[in-house]
Amino acid sequence: MSARTIVVTGGGTGIGRAVAGAFAADGDTVVVTGRRRERLEQAVAEIGPGARAVDFDASDPAAVGTALERLPTTVDVLVNAAGGNTDLDRPAPRDTDLDGVAAAWRANFDANVLTAVLVTSALTPRIAEGGRIVTIGSIAARRGAGGYGAAKAAVEAWNASLATDVGPRAITANVVSPGLTTGTEFFRGRLGDERRRRLVDETKNRREGTTDDVGAAVAYLASPHAGHVTGQVLHVNGGAYLGH
Ligand SMILES: NC(=O)c1ccc[n+]([C@@H]2O[C@H](COP(=O)([O-])OP(=O)(O)OC[C@H]3O[C@@H](n4cnc5c(N)ncnc54)[C@H](OP(=O)(O)O)[C@@H]3O)[C@@H](O)[C@H]2O)c1
């Protein structure tokens, strides 16, 4: 396969970082994006010459628009990995604090839905015929988890319409939906042993997911072999949730 141009949002850490590293190891050119310049530069230094960093807030329409001139003019694969549960970054509002409740829900929507929708909207005209869009969802979309789960469910609904829109150009759009995946900044270092054990006990293979587990699913969907797979949600969770 000839070298491709890949954009990975959230590519400075965790799942996005692993995905970016795997593409670069295959000889592809990779652009990693995120808000923290230093994390991106660290990732680029580790990944090597095939990688480049572009820092911007993917939930901010003006920032995405400005970033466009630093992003590739032709893209073969877009991976939307930026996101996370923003409830982990702030104290939970009381139910009667409606402004606080609204702010918490909007934060999850911004982080998980708008990041993917804005970057994809901006880059879709640049995605080559036969290109690939892969967005990282979550098991939380199917199992609750408040505003975060609702946002990831919205990602799945959006992906279905995206697949319809880009299908005539032979571009596919799919969601990879991980369960517990360690080796990332997702839990902000606060995943306790008990919760970890409980989540592992829910899997059929009795183990945590790794960023490579998720990366392998992304690599398949991004490959030429997956041209007839679109509009789908691929669950990578050790059977903790049985997709259907
Ligand atoms: N780890 C898990 O157990 C798990 C399970 C299911 C789903 N997921 C999903 O997997 C994806 C990757 O998360 P991860 O586990 O790898 O955690 P992570 O290490 O925290 O990665 C999230 C990345 O997204 C970037 N990001 C967040 N908001 C952004 C914004 N507004 N603009 C630009 N970049 C933004 C962050 O960089 P900056 O902070 O520098 O912007 C960070 O690099 C997320 O969508 C997450 O919801 C994770």
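Notes on the structure follow. Just so you know, these numbers come straight off a predicted model, no measurement behind them. (Residues numbered from 1 in each chain as written. Predicted model: local features only at pLDDT ≥ 70, side-chain atom pairs only at ≥ 80, totals over all residues. Heavy atoms only, no water.)

Thoughts on the environment of leucine 71
Within the secondary structure, leucine 71 sits in the loop between helix H3 (61-67) and strand S4 (75-80). With relative accessibility at 6%, the residue leucine 71 sits in the buried group. With 96 residues separating them in the primary sequence, leucine 71 and glycine 167 have C-alpha atoms 23 Å apart. (Helix = DSSP H or I, 4+ residues; strand = E, 2+ residues; numbered from the N terminus. Buried < 20%, exposed > 50% of the residue type's maximum accessible area, 1.4 Å probe, protein only.)

Regarding the side chain of serine 177
As for its placement among the helices and strands, serine 177 is situated in strand S6 (residues 172-178). For serine 177, a relative accessible area of 0% corresponds to the buried category. A polar contact is formed between the side chain of serine 177 and the backbone nitrogen of isoleucine 139, at a distance of 3.3 Å. The residues touching serine 177, leaving out its near neighbours within four places in the chain, are Gly137, Ser138, Ile139, Val233, Leu234, His235 and Val236. (Polar contact = N/O pair within 3.5 Å; in protein donor to acceptor, adjacent residues only side chain to side chain. Contact = heavy atoms within 4.5 Å.)

Overview of the nonpolar core
Grouped burial of nonpolar side chains is what soluble globular proteins tend to show. Counting residues in each nonpolar core, the largest one holds 29 residues, and the members touching the most others are Phe56, Leu71, Leu78, Val119, Leu123 and Ile133. Sorting the residues of this core by element identifies H3, S4, helix H4 (98-123), strand S5 (127-136), helix H6 (146-166) and S6 as the ones contributing at least two each. Per-element tally for this core: the top contributor is H4, with seven residues. The contact partners of valine 119, leaving out residues within four places of it in the chain, are Thr9, Phe56, Ala58, Val64, Leu78, Asn80 and Leu114. Counting 25 residues, the second-largest nonpolar core is a separate cluster that includes Ile6, Val8, Ala24 and Val32. (Core = buried A, V, L, I, M, F, W, Y, C linked by side-chain atoms within 4.5 Å.)

Some details on the side chain of threonine 124
You can see threonine 124 is positioned in the loop between H4 and S5. Threonine 124 gets classed as buried once you look at its relative accessible area, which sits at 14%. At 2.5 Å, the side chain of threonine 124 forms a polar contact with the backbone oxygen of threonine 120. Once you skip the residues sitting within four places of it in the chain, threonine 124 turns out to touch Ile133, Val166 and Arg169.

Some details on the sheet that holds S4
Strand order across the open sheet formed by seven strands is S3-S2-S1-S4-S5-S6-S9, with parallel pairing between neighbours. Each having just a single partner strand, strand S3 (51-55) and strand S9 (233-236) make up the two edges of the open sheet. Going from strand to strand, the sheet's axes swing by 20° on average, the running direction of each strand aside. Note that S4 and S5 share five bridges and pair parallel. For leucine 78, the partnering residue across the bridge sits in S5 and is isoleucine 133. Against the sheet, helix H2 (residues 37-47) touches strand S2 (29-34) and S3, its axis set at about 175° to S3. (Pairing = 2+ DSSP bridges. Axes fitted to C-alpha atoms, helices over the stretch in contact; angles between N-to-C directions.)

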